[in-house]
Amino acid sequence: MKVQLLVLNDGPMKGKVVRLPVREFTIGREADCHLRPTSEAVAPRHCVIRVFGSELSIEDLGSPAGTLVNGQKIRGKVFLKVGDKISVGPLAFELSVERPAPARMIVETSDEEAAAMIMDDEEPAEPVARPQAKAPAASSPPAQNERPKPSPAAPAPPPDSQQNSADAARNLLNRFKKK
């Protein structure tokens, strides 16, 4: 998750993105702060934005002018959400988060389970044991890590262009239930 502040102030900095590369991002005029505005309206240690897992919070550190979230002056720690407007002295930001795309998981399912999922059944069909083609006597057994090759299946009939996906799923499921 990449947390960032979008500058809302009019002027040459409008639209600039300030990335928060650390879990505790401090705004203030002191040398150890991550964002150091020069405005006297910003306290030496004005506020801190914390990123902990998927939670975001901001805490005013006792600044005289205060820190505002969505136009409201905060006291202590306040949890943030994407799109919140943050004001620190004369500076105005909008909180945004870039979340990584979810990892895609490949799941192997039987044809029956796939058909059941297409039809939105609550539970997938029970797996059906399929007979395997007998290997020729001259061939050696598959290696320990090698998967046996599937037996060739009869080709599926060409799909009817008028048939919708629900009918196709029902037909697929019925075809496998008959086996």
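Residues numbered from 1 in each chain as written. Predicted model: local features only at pLDDT ≥ 70, side-chain atom pairs only at ≥ 80, totals over all residues. Heavy atoms only, no water.

1. Description of the sheet that holds strand S8 (residues 77–80)
Step number 1: Across the sheet, which stays open at both edges, the four strands sit in the order S3-S4-S5-S8 with antiparallel pairing between neighbours. Two strands bound the open sheet, and with one partner strand each, they are strand S3 (24–27) and S8. Between one strand axis and the next, the sheet turns by 20° as a mean value, whatever way the strands run.
Step number 2: The sheet contact formed by strand S5 (residues 55–60) and S8 spans four bridges and is antiparallel. If you follow Glu 59 over to S8, its bridge partner there is Lys 77. (Pairing = 2+ DSSP bridges. Helix = DSSP H or I, 4+ residues; strand = E, 2+ residues; numbered from the N terminus. Axes fitted to C-alpha atoms, helices over the stretch in contact; angles between N-to-C directions.)

2. Regarding the pattern of salt bridges
Step number 1: The final tally for this structure, using the stated rule, is seven salt bridges.
Step number 2: In this structure, Glu 40 engages Arg 29 in a salt bridge whose closest nitrogen and oxygen atoms are separated by 3.8 Å. Here Glu 40 is found in the loop between S3 and strand S4 (47–52), whereas its partner Arg 29 is found in the loop between S3 and S4, with 11 residues between them in sequence.
Step number 3: Between Glu 94 and Lys 85 there is a salt bridge, with its nearest N and O atoms 3.3 Å apart. (Salt bridge = Lys/Arg side-chain N within 4 Å of Asp/Glu carboxyl O.)

3. Considering the environment of Ser 57
Step number 1: Here Ser 57 lies in strand S5.
Step number 2: Setting aside residues up to four positions removed in sequence, Ser 57 forms contacts with Val 48, Ile 49, Arg 50, Lys 77, Val 78, Phe 79 and Leu 80. (Contact = heavy atoms within 4.5 Å.)

4. Observations concerning unusual backbone geometry
In most cases, non-glycine residues show a negative phi, while peptide bonds are predominantly trans.
Step number 1: Positive phi outside glycine occurs at Asn 70, with the angle close to 55°.
Step number 2: Mapping Asn 70 onto the fold places it in the loop between strand S6 (67–69) and strand S7 (72–73).
Step number 3: Overall, Asn 70 belongs to the partly exposed group, its relative accessible area being 39%. (Buried < 20%, exposed > 50% of the residue type's maximum accessible area, 1.4 Å probe, protein only.)

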